[in-house]
Amino acid sequence: MRLVIIGAGFAGMYAALSAARLRDIQGASPDELEIALIAPEPTLVVRPRLYEAKPETLTAPLLDVLKSIDVVYVQGSAETIDTKSRMVQVSTAAGTRKTLSYDRLVVATGSRLFRPNIPGLAEHGFSVDSLDDAIALDRHLHSLADRPARNGRDTIVVAGGGFTGIEAATEMPGRLRAILGKETRPRVIIVERNGAIAPDMGAGPRPVIEDALRKLGVETRVGAGVSSLDETGVTLSNGERIEAETVVWAAGIRAAPLTQQIPAERDNSGRLLVDQDLRVTSVPGVFATGDAAKAACDDTGNFALMSCQHATRMGAFAGNNAAAELLGVPTKPYHQKAYVTCLDLGEAGAVFTRGWERKVEMIGDVAKKTKHEINTVWIYPPRAERAAALASADPEHVTEV
């Protein structure tokens, strides 16, 4: 029997760990149940941190972890999925192709930044969506030191006032001063189409966020979007022109395109609809997890968000349940009633909220210490020691907050 997992992000990593854990508990050997993980590199990109400086350091190796739990790593990119014949075609870096059959498949392909067809965006916009994107932005920021201090050199426009946009924007004053000198006076502007900043976070933490933006000197433009970009700046939908040599796009994400090959219903973000066990409805043998899946967290109408917090736990349940079906043992319905946010606010600290109503529990330096621990400890892979790695993936205890 073979269980194939596509993706080495947070969901894919925990799917592999959890499936291997259940296989070990049931006393099945790797020969009886092979667990294979497909990804271009055996590396976890610590995506929640890509708004930070030195993004090239924000990865964690996975190969030794996978070896320690007898998970087969298949290097390459999954290009096609044939759910009728239960086959995945993989393209390797060398240009060759291989085909992998599966008895159960876990789609953990993550998400991609949504880039609308706005004039100039593809040519002149930056992002912190992927490792390559974040590295390109970092190199661009360092290149500003070689340019004259005029025509918007020290101005950064961040398109999108949600979680990612706020974290990117509040980090920018410090990053620019580190590059251009302490006397530099960066101008950072968040552009948000909705009528308020942080539209998805609600009214609770918004005063804290707005106060932090004021302290940092970050400007906002709400009720307007970016209409076009060029080499020297952006034009907003309200007609305002902002001279800026750096524009960071942070306005929305969609499930990775591979999910479209699964003949099943999807939501507006491209996520596959799944049942309580994270099975893709109407497609036998296929599970979806993380940003590739729309899953109910509870019985009160809350659904998992496209976030690391939900991806890790969803991955653990998906991997466990896919293995459980092959091993003939009961599955565990996914549930995640606890929900917290910890939003980095750069030199102004952070804000920590609890619950779907986002009740503020910590702000400032206290919340910043928690954010640092989340970013540097909690979201990293377990150590490459078999017992510890398997113990980390009990679905009922992953991402308990």
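Worth saying up front: this structure is predicted, and the values here are computed from it rather than measured.

Regarding the sheet that holds strand E14 (residues 226-230)
Right, on to step 1. Here we have 3 strands laid out as an open sheet, ordered E14-E15-E16, and antiparallel in their pairing. Bordering the open sheet on either side are E14 and strand E16 (241-243), each of which pairs with just one other strand. Taken pair by pair, the neighbouring strands of this sheet meet at an average axis angle of 20°, ignoring direction.
Right, on to step 2. Pairing between E14 and strand E15 (residues 233-236): 4 bridges, direction antiparallel.

Considerations on the environment of Arg153
Right, on to step 1. Tracing the backbone shows Arg153 in the loop between helix H4 (131-143) and strand E11 (155-159).
Right, on to step 2. Judged by relative accessible area, which is 10%, Arg153 ranks as buried.
Right, on to step 3. Along the primary structure Arg153 and Arg187 are separated by 34 residues, whereas in three dimensions their C-alpha atoms are 9.3 Å apart.
Right, on to step 4. Discounting residues that sit within four places of it in the chain, Arg153 has contacts with Leu144, Arg147, Pro148, Leu180 and Glu245.
Right, on to step 5. A polar side-chain atom of Arg153 sits 3.1 Å from the main-chain carbonyl oxygen of Arg147.

Examining the pairing of strand E23 (residues 350-354)
Right, on to step 1. Counting buried positions along E23 yields 4 of 5 residues, so the element is predominantly enclosed.
Right, on to step 2. With 5 bridges connecting them, strand E22 (residues 340-344) and E23 associate as antiparallel partners. Among the inter-strand pairings, Leu343 is bridged to a residue of E23, identified as Val351.
Right, on to step 3. The hairpin formed by E22 and E23 contains 5 residues between the paired strands, and Gly346 there has a positive phi angle of roughly 60°.
Right, on to step 4. As paired strands, E23 and strand E24 (residues 359-363) are joined by 4 bridges and run antiparallel to one another. For Arg354, the partnering residue across the bridge sits in E24 and is Lys359.
Right, on to step 5. Hairpin connection of E23 to E24: 4 residues between the antiparallel strands, including Gly355 at a positive phi of 85°.

What to know about the packing of aromatic side chains
Right, on to step 1. Taken as a whole and judged by the stated rule, the model has 2 aromatic pairs.
Right, on to step 2. Judged by centre distance (4.3 Å) and plane angle (25°), the ring pair of Tyr339 and Trp356 falls under stacked. Of this pair, Tyr339 sits in the loop between helix H7 (308-327) and E22 while Trp356 is found in the loop between E23 and E24, placing the two residues 17 residues apart along the sequence. Considered together, Tyr339 and Trp356 belong to a single accessibility category, that of buried residues.
Right, on to step 3. Sitting above the plane of the Phe114 ring, Arg254 keeps its charged end 4.1 Å from the centroid.

Cut-offs applied
Residues numbered from 1 in each chain as written. Predicted model: local features only at pLDDT ≥ 70, side-chain atom pairs only at ≥ 80, totals over all residues. Heavy atoms only, no water. Pairing = 2+ DSSP bridges. Helix = DSSP H or I, 4+ residues; strand = E, 2+ residues; numbered from the N terminus. Axes fitted to C-alpha atoms, helices over the stretch in contact; angles between N-to-C directions. Buried < 20%, exposed > 50% of the residue type's maximum accessible area, 1.4 Å probe, protein only. Contact = heavy atoms within 4.5 Å. Polar contact = N/O pair within 3.5 Å; in protein donor to acceptor, adjacent residues only side chain to side chain. Phe/Tyr/Trp six-rings, centres within 6.5 Å; stacked < 30°, edge-to-face > 60°. Lys NZ or Arg CZ within 6 Å of the ring centre and 35° of its normal.

Geometric values such as these leave the question of function open.
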